[in-house]
Amino acid sequence: MTMFSSSRTSVGAILVTIAVATVACGQTWTGSIDNDWTKSGNWDSGVPGSGAIASFQNAGNGNTNISLGGSAQPIGNLVFQTASAAAYTIGQLPGDSLSFDDLGGILVDSTVTNPQTINASVQIPGPNGMLVVNNVSNGGALVGTGLVGLTFGDVNIGGGILSITNGQDGTATTATALNGDISGPGALDLFAPSGGGSAGTTNNNFLINGNNTYSGGTLIQANTGSQGSIQIGTDSPFGTGKVHNVFQGNSVEFRAVGGTHTIPNDFDLDGGMNFAGENSIVLAGDIAIASGTTRTIFNKMTATGTTLTLGATPGSSVIYLGNPSSNGGDDVGRVVILQANSGSRMIVNATFQDVGTGSAVRFGSSNGGHIVINAPQTYTSETQIGGGEATVEF
C-alpha cells in the first residue's frame, strides 16, 4: 500500500502534465446538441475513449447533467479546469459507468469554483489503480459545511490503489465525498499534504458514506487541520482491511455523522487519532503502534453523553503498546489516552498488551474528562495517570 505514497511527486507531475496537455490534445465537452456523452457533436473533436483526456472547462451549453447512454464508457482521464467550468454531473442512467485506464486519473483544478459529481459508477481495472486530485477550495468553512469539490458514487477498485489527494497544489481547505459503495480487492489511499498554509489551518475533509466492502486496506495521510476531518456516515467506511494511519502535519480527526458508528477495522498507528463531533464512535478492532514512539488517542467530543469506546465489549480487542527499544529511551512507546471534555467520556474495553519492554499507558485529560476502564489488564508496562483534571474509573 505504499506504492503511491512513495511516488507522490510523480503522481502530481503526471496530473499537472495532463492539465497542461488538455488544451492541446484533450477533447472538450461543448454540449452543443444535448447531454449525451456518446454523440460526437457534443465534443469539440469527437467522443473521447481509452487513452484520451475528457476536458470540462466551460458552461457546456447548459447540458451539464451528462448521460453515458446506460453503458460503460472507456476513458483515460477527466480534467475539470477554469472558473468557467459549470457544475457537472456525469452519469444519469442505470448502467452508466466510466471505465478508466490503468493509472488513469481525475484532476479538478484549483481554478474551478463549482462542485463536480461523478454519479456514474467508476471502474478501476488495475493492476496499479487510479489517481484523483481535488483542488477545489471549500471556502475555509467549518467542518461539515462549505463546498464539496468532488463527489463520487459507486466505485469498484479491481486492482491497485484508488489514491485521492485533497489540495495537491497547496489548497488549504478542500472536501471530497465518497457517497457510493466502494468494492473490489484494491486499496484506498486518502492523502492531504501539510502545506497550503500552516498545519493548523489546512482544513481537509473526506466524507465517507458508502457500505464499503473493498478488501485491500486503507492508508490515511491526511492533514485535517483544526477544522477538517474524516467524516464517517456508515459502519463500514474502510472496507474489510486494516487502516494504516500516518502523521501528516496534524493527527487525523474522525467524526461520526448521522448517529453512532462502529468501525470494525484494525488500525496501525504511525500517527495519533483525534475524535470529535456530536455522535459516538466505537473502535471494535485491534490498535497497534506501528513504530516505537508515542501515539495519542484523543477524545474531543463535545456533546453530553457521547462516548469514544475502544473495544466493542470488555476484552474483545487489543491495544498493542509500542516497542521503544529501537528508539533509545523512555516514554517513546506510550499509548496516550486523553479525554478532553467533561460532557463526554471514553470507555476502554480493550486489553493493553506489551510489545517488548519500556512502553507505558497514560490516561489524562485537558478539561475534566471521564475515562472508564472496563477490561481486566495484564500488561506490565508503566501506567501514568494525570495531566489535567481526569477522572479514571476502574
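Scroll up for the structure.
Quick summary incoming for the structure in this document. (Residues numbered from 1 in each chain as written. Predicted model: local features only at pLDDT ≥ 70, side-chain atom pairs only at ≥ 80, totals over all residues. Heavy atoms only, no water.)

### Looking at the packing of aromatic side chains
For the coordinates displayed, the defined rule picks out 12 aromatic pairs. An angle of 40 degrees between the planes, with centres 6.4 Å apart, marks the rings of Trp37 and Phe56 as tilted. Within this pair, whereas Trp37 is found in the loop between β1 (27–28) and β2 (53–56), its partner Phe56 is found in strand β2, the two being separated by 19 residues in sequence. Phe56 carries the same exposure label as Trp37, and that label is buried. Considering the side-chain rings of Phe238 and Phe267, the 6.3 Å spacing of their centres and the 90 degrees angle between planes classify their relative orientation as edge-to-face. Remark: Phe267 occurs in strand β22 (residues 267–270) and Phe238 occurs in the loop between β18 (229–232) and β19 (243–246); sequence separation between them is 29 residues. Joined through ring pairs, the aromatic side chains of Trp29, Trp37, Trp43, Phe56, Phe80 and Tyr88 make up one cluster. (Phe/Tyr/Trp six-rings, centres within 6.5 Å; stacked < 30°, edge-to-face > 60°. Helix = DSSP H or I, 4+ residues; strand = E, 2+ residues; numbered from the N terminus. Buried < 20%, exposed > 50% of the residue type's maximum accessible area, 1.4 Å probe, protein only.)

### With respect to the pattern of salt bridges
Summed over all chains, the structure comprises three salt bridges. Here Asp34 makes a salt bridge to Lys39, at a shortest N to O gap of 2.5 Å. A residue is classified by how much of its surface remains accessible, and Lys39, at 33% relative accessible area, is partly exposed. One salt bridge in this structure joins Lys242 and Asp268, with 3.7 Å as the shortest N-O distance. Residue Lys242 is located in the loop between β18 and β19, and its partner Asp268 is located in strand β22; the two are separated by 26 residues in the primary sequence. What makes Asp268 buried here is its relative accessible area of 19%. (Salt bridge = Lys/Arg side-chain N within 4 Å of Asp/Glu carboxyl O.)

### So, the nonpolar core
The nonpolar side chains of a soluble globular protein tend to be buried with one another. With 75 residues, the main nonpolar core has Trp37, Phe56, Leu78, Ile106, Ile230, Phe238 and Leu310 as its most contacted residues. Ranked by residue count, the leading element in this core is strand β6 (residues 97–108), at four residues. (Core = buried A, V, L, I, M, F, W, Y, C linked by side-chain atoms within 4.5 Å.)

### With respect to the sheet that holds strand β33 (residues 370–373)
Sheet architecture is open: six strands sit in the order β21-β24-β27-β30-β33-β35, paired in parallel fashion. Of all the strands in the sheet, just β21 (261–263) and β35 (391–393) have a single pairing partner and so form its edges. Between one strand axis and the next, the sheet turns through 15 degrees on average, direction left out of account. Pairing of β21 with strand β24 (residues 281–283), which is carried by three bridges, proceeds in the parallel orientation. The residue bridging Thr262 from the neighbouring strand is Val282, located in β24. (Pairing = 2+ DSSP bridges. Axes fitted to C-alpha atoms, helices over the stretch in contact; angles between N-to-C directions.)

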